[in-house]
Amino acid sequence: DGGITQSPKYLFRKEGQNVTLSCEQNLNHDAMYWYRQDPGQGLRLIYYSQIVNDFQKGDIAEGYSVSREKKESFPLTVTSAQKNPTAFYLCASRARGANTEAFFGQGTRLTVV
Amino acid sequence: AQTVTQSQPEMSVQEAETVTLSCTYDTSESNYYLFWYKQPPSRQMILVIRQEAYKQQNATENRFSVNFQKAAKSFSLKISDSQLGDTAMYFCAFMGGSARQLTFGSGTQLTVLP
């Protein structure tokens, strides 16, 4: 079945450690996005990528990094520079085309302990 | 940069009644797309409806319809015959520009009461 998969579903990190969230899609989509969701703040864009080997910062990129070495994969690294990383993270992908909808993964809940 | 504003953090409606969720946006783009997404308690994001800005006709999908006012930069969602399964967080989203950045509002938590 085609879809977008995020792993793990729950992730715990000690302060000062980097952690990488996985996002894989087999929909042959060109564009991929990472969002952070906090209560009362909706979805805020961290990074997005329109094609392989290219990505742009979103509204809250500080403390995060990404790579797009393959079309199917868009991992997000939460670095120790991110001061408040506890949140729900959503990955999405879209096909080429102006009006295509974004498909979302089921999210990763990251907790700093 | 575009912004999306949802001014109703929470709303409730009786089952079988109609409810309207508000959304406004700000952009300098002339060609763009608008979406409503639903996030139930499972937290899975589901597309409800989409609207192309160049189309004057309002989009409809079964019990869901929009009121798109381009000049006012307003994009409200109407849910008719509300059902308990409509209980969810609803997000308005904007996509435009060459970068195709997808921007979301802060969401409206809708509760359908039995």
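Check the entry above for the structure.
## Some thoughts on the pattern of salt bridges
All names here are of chain A.
- Within this structure, the stated rule accounts for 8 salt bridges over all chains.
- The closest approach of N and O atoms between Asp 38 and Arg 44, which form a salt bridge, is 2.8 Å.
- According to the relative accessible area criterion, Asp 38 is buried, its value standing at 11%.
- A residue is classified by how much of its surface remains accessible, and Arg 44, at 25% relative accessible area, is partly exposed.
- Counted as one network, the salt bridges with shared partners bring together Asp 30, Lys 71 and Arg 96.

## Examining the state of the cysteines
Residue and element names in this part refer to chain A.
- By the definition in use, this model includes 2 disulfides over all chains.
- Paired by a disulfide, Cys 23 and Cys 91 hold their sulfur atoms 1.9 Å apart. Here the disulfide of Cys 23 and Cys 91 is left-handed, its torsion about the S-S bond being about -75°. A residue pair is termed long-range when its members are at least 10 positions apart, and Cys 23 in strand E3 (residues 19-25) and Cys 91 in strand E9 (residues 87-94) qualify at 68 residues. With respect to burial, Cys 23 and Cys 91 carry one shared label: buried.

## What to know about the environment of Phe64(B)
Residue and element names in this part refer to chain B.
- Here Phe 64 lies in strand E8 (residues 64-69).
- In sequence terms Phe 64 and Thr 20 are 44 residues apart; their C-alpha atoms lie 9.8 Å from each other.
- In contact with Phe 64, not counting residues within four places along its chain, are Val 48, Ile 49, Ala 59, Leu 77, Lys 78, Ile 79, Asp 86 and Tyr 90.

## Considerations on the sheet that holds E3(A)
Residue and element names in this part refer to chain A.
- Taken in spatial order, the 4 strands line up as E1-E3-E8-E7 in an open sheet, and their pairing is antiparallel. Whereas interior strands pair on both sides, the edge strands pair on one side only; in this sheet they are strand E1 (4-7) and strand E7 (64-66). Recorded for the sheet is a direction-independent mean angle of 20° between the axes of neighbouring strands.
- Strand direction decides the pairing type here: E1 and E3, joined by 4 bridges, are antiparallel. Across the sheet, the residue bridging to Thr 5 is Glu 24, located in E3.

About the criteria used
- Here the residue index of a chain counts from 1 through its sequence in written order.
- Lettering of chains starts at A and numbering of ligands starts at 1, both following the order in which they are written.
- Only residues with pLDDT of at least 70 are given local features in this predicted model, and only at 80 or more are side-chain atom pairs given and counted; all residues enter the totals for whole chains, interfaces and linings.
- Only hydrogens and water are removed before side-chain values are computed, so all heavy atoms of the structure are retained for them.
- Take a side-chain nitrogen of Lys or Arg and a carboxyl oxygen of Asp or Glu: if they are within 4 Å of each other, that pair is a salt bridge.
- Categorising residues by exposure relies on relative accessible area from a 1.4 Å probe, with only protein chains included: less than 20% of the type maximum marks a residue as buried, more than 50% marks it as exposed, and the intermediate range marks it as partly exposed.
- In what follows, a disulfide is any cysteine sulfur pair within 2.5 Å.
- The numbering of helices and of strands both runs from the N terminus, where a helix is a DSSP run of H or I of at least 4 residues and a strand a run of E of at least 2.
- Every residue pair with non-hydrogen atoms within 4.5 Å of one another is taken to be in contact.
- Any two strands with at least two DSSP bridges between them are considered paired.
- The axes are straight lines fitted to the C-alpha atoms, using for helices just the contacting stretch, and the angles between their N-to-C directions are given from 0 to 180°.

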